[in-house]
Each structure stands twice: as C-alpha cells, then as structure tokens.
Amino acid sequence: MKLITKIKNSLAIQLLVVLTFCSSVNAQTDKFVVTLDAGHGAHDFGATYHGHVEKNIALKVALKVGQILEKNPNIKVIYTRKTDVFIDLVERANIANRADANIFVSIHCNANKNTVPDGTETYVMGLTKNASNLEAAKKENSVITLEKDYQQKYEGFNPNAPESLMGMTLMQEEFLENSIALAGKIQDNFKDYMGLKSRGVKQAPFMVLHKAYMPRVLIEMGFISNREEGARLDSEQGQDDVALGIAEAIVSYKREFFGEEPNEPKIEKPVRRIVEKPVEVIQTETVVENKEMPKADENGIIFKVQLSASSKNLELVPSNFKGLQNVTSLFENGLYKYMYGSTSSHETAKSLLQEAKSKGFSSAYLIAFKDGKSINIQDAIK
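Basis of the calculations
Each residue is numbered by its place in its chain's sequence as written, counting from 1. Per-residue local features are limited, in this predicted model, to residues with pLDDT of at least 70; the limit for side-chain atom pairs, both in listing and counting, is 80 or more; totals at the level of whole chains, interfaces and linings are taken over all residues. In computing side-chain values, all of the structure's heavy atoms are included and hydrogens and water are not. Think of it this way: any DSSP run of H or I at least four residues long counts as a helix, any run of E at least two long counts as a strand, and we number them from the N terminus. Whether two residues are in contact is decided by their heavy atoms, any of which lying within 4.5 Å being enough. Computed with the Shrake-Rupley method and a 1.4 Å probe, the accessible areas treat only the protein chains shown as cover for residues. Pairing between strands requires that DSSP locate at least two bridges from one strand to the other. Axes here mean lines fitted to C-alpha atoms, for a helix over just the part in contact, with angles spanning 0 to 180 degrees between N-to-C directions. The scheme is simple: roughly parallel for angles under 35 degrees, roughly antiparallel for over 145, roughly perpendicular for 65 to 115, oblique for anything else. A crossing counts as left-handed when the near helix is turned anticlockwise from the far one by less than a right angle, and as right-handed when that turn is clockwise. Gly counts as polar in this scheme, as do all residues outside two lists: the nonpolar Ala, Val, Leu, Ile, Met, Phe, Trp, Tyr, Cys and Pro, and the charged Asp, Glu, Lys and Arg. Helices are assigned an expected span. That span is 1.5 Å times one less than the residue count. Think of it in three bands: residues with accessible area under 20% of the maximum for their type are buried, residues over 50% are exposed, and the middle band is partly exposed, with areas taken using a 1.4 Å probe on protein chains only.

Q: I tried to follow the overall build of the chain on my own but got confused; where do I start?
A: Along the chain, the regular secondary structure elements total eleven helices and 14 strands. Considering only residue pairs separated by 6 or more positions, the chain has 76% of its internal contacts joining residues 24 or more positions apart. As displayed, the chain has an accessible area near 19,100 Å², and 52% of this comes from carbon and sulfur atoms.

Below you can see the structure in the form of structure tokens.
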C-alpha cells in the first residue's frame, strides 16, 4: 500500500508539473513575443572606426529597445545576448525559434572603407544579385568563420559567396510580406520622424535571417565609418533616439497585424533632432490588375483581404485561391500581393476575412486603400 501511495503521489506531482508547464506556455502564447538580437559580441567586434565599436553600440541599443517594449504587459522580450558574449549565428536564430517569437530583429551598424556614405537601411531575407547588398551580407556572414566546425554546421555555406544560399532551402515566402512591412515601419520612423537618411528596405542573404522561421529583419542603424553618424550612434542621445524609433515601429507592427489590447501603453513617435538630409528615393513599379477601383465610401476608403504575397505571378482564377472569387493582385516591391474582396464597410471586410480564413488562408489579414493608395488599417478604421 505504501508503494502504491508513493506512486500515486509521484504521479500527482508529475501531473502538477505538466499542468503548470502547460499553463505557463499558454500564458506566454497570449503575449506578442519579440526576439532582439544585438549583432556580434566578445572577440567578434564587428566594424570598428574612429573609436566606435559595433558590438557595443548594437548591444546598448538592443537593451534600450527591450526596456521600452517591456513596459507593455502584452509584449514578451527575448534577447539573444544581454552581455558581451559571442553567440553563433545559427544559435541566435534558434533562440527565436525556440521562443516561438512573432518577430526577430537583428541590430547592427554599417561601415565602409569610404567614410562618406551614411544613412540607415533595413534588410529582409532574400536572394539578390545586387553587389552592394551581397557585400553587406558577406560582411555579416563572415562571422561564422569564428565558430568551431562552421563548415559542417552551415552545410558547406561559403561566407565569401553569399549567393551560395541559393543552393539551400529558399526563404519562406509566407514571412516575406510581413518582414517587409516591419522593415518599412522602421525605415519610416528613421526617415519621417528622426530626419535620418533612408537607404531603403533591401533584400540580401543573411545567414542569421535565413535560419529564423518568423518575420525577421536586420537593421543597419547607420555608418560608424562616417564620423558624424558614428559619433551620433555612439552617444547616449543617439542610441535613445534609434531605440525609440525601432520600438515604436515594433509596437505599430503588433497593433496592425495582431490588434491592440485595451489600455495598452502608447509609445510616442521619435522626435526629429537632426537636420533633414536628402532622402534617397527608390522607384517601385506598382501595377493593379483590376482596371477599375471599386466604389469607396465618402472618405475614399475601401477594405480588402490580403491572402498572400509571392514572387510568382498567379492567374487570378478561383482554382488558384481555394475557390475564392473576386481576387485581385498588386505588384509592388518585387512581390505580387493577392487580395480578396473589396468593400467600403469594415464589418463586411471582417466577414470576408473570416471567409478567407475558413478556406485555409490562416495568415490572411485586412488592408485598406484611400483614393487608390495603401494606408494603415488603423487609420482607415478611424
């Protein structure tokens, strides 16, 4: 009897542990999980110019971003490093994967032997033949040579030829559109509110992004090789400003794609502290397949359901979209965005969204247009 009692007690304890763990996991899933990755660390200094060290600046900014986000009870922050340590590239991505993060944000400083270039840029995972993008990826990917047995660990990947990623698993296109959306918000804050030069949203084969399985971006906060920009990035005020810009963009992304919780604390837009510089304008081709825009409301607003985004140009027939009719497409920034329905009513749009999800488009979400131009969904609802 004593043995049976002990077994029962043991099983009860194990069950309690399992239930506690499950409860903890479920509680965590209620939060929006952000993984912040401070580039480089320890013996990997990153770029060093004029006394400015990339690994130190990246860590300080990542911690500042985290401190801002942690004030929001609906956000959970995971750090790949909080001290001056070296973390393998694949492990940085694995930390985010294990945490089931909603987004992965890797923070870096740019540099160039030519000390004139300046400006910010944010990368998403992609395969490109653009020389400057490949050079940026080559520089960051070279970190893997500091890791033990990197050739076996990275399946023969050659950091001196980032395009060798083409022989590996292609990027997950289901995350690409959201990655671009997040990157765009970050660049908009840098440019519109902080007055920094924007070099745009770009694609490049970064190993740390390739291995993370969620929307993910790599931020180049500016060139520390540029004396003015390096001094700003290595200052307390400069780091506070950049951290605020990144954090506000993350919260804006959460609000747009995951909704806003009641009484959620607001983050003010970063303040413009820098004299405005010329902004590099990147021309993009926009083609709307349907020739006539649907009738909008009195404010010129219409709602649609975005089903997916892909580099493939699909024929707009129901068989390609799980039986859904009235599908249109928009070609923008090198991607075809496929949209379902069109209405001036937000309530009708929500019904269309549920219909799309019932058909299997689980990652579908609402988008809005005003006078034919894409606008923030929250602004449209207001």
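Q: I keep staring at the sheet that holds strand 1 (residues 32-38) and nothing clicks. Help me out?
A: Note on sheets: strands pair through backbone hydrogen bonds, and any given pair is parallel or antiparallel. Sheet architecture is open: six strands sit in the order 4-1-5-8-6-7, paired in mixed fashion. Strands at the two margins of the open sheet, each flanked by one partner only, are strand 4 (75-79) and strand 7 (198-204). Sheet twist, expressed as the average angle between the axes of neighbouring strands with direction ignored, equals 25 degrees. When strand 1 meets strand 5 (residues 103-110), the two strands line up parallel, connected through five bridges. Bridge pairing in strand 5 places Val34 opposite Ile103. Where helix 3 (residues 89-98) meets the sheet, it contacts strand 1, strand 4 and strand 5, and its direction lies at approximately 170 degrees from that of strand 1.

Q: What is the right way to look at the packing of helix 2 (residues 54-69) against helix 9 (residues 236-258) in this model?
A: Each pair of packed helices can be summarised by the angle the axes make with each other and by the distance between the axes. At their nearest, the axes of helix 2 and helix 9 sit 8 Å apart, and the two run at 50 degrees to each other. With respect to each other, helix 2 and helix 9 are oriented oblique. Handedness of the crossing formed by helix 2 with helix 9: right-handed. Of the residues in helix 9, those in contact with Ile57, Lys60, Val61, Lys64, Val65, Ile68 and Leu69 of helix 2 are Glu236, Gln239, Asp240, Val242, Ala243, Leu244, Ile246, Ala247, Ile250 and Val251. For the contact of helix 2 with helix 9, a count of residues per class yields twelve nonpolar, one polar and four charged.

Q: Help me understand helix 9, please; the structure alone is not making it clear to me.
A: Three or four residues apart is the spacing at which side chains of an α-helix point the same way, because the helix has 3.6 residues per turn. The terminal C-alpha atoms of helix 9, which comprises 23 residues, lie 32 Å apart, in line with the 33 Å expected from a rise of 1.5 Å per residue. With 17 of 23 residues buried, helix 9 lies mostly within the body of the structure. Positive backbone phi, approximately 90 degrees, marks Gly259, located one or two places after helix 9.

Taken by themselves, the reported measurements are silent on function.
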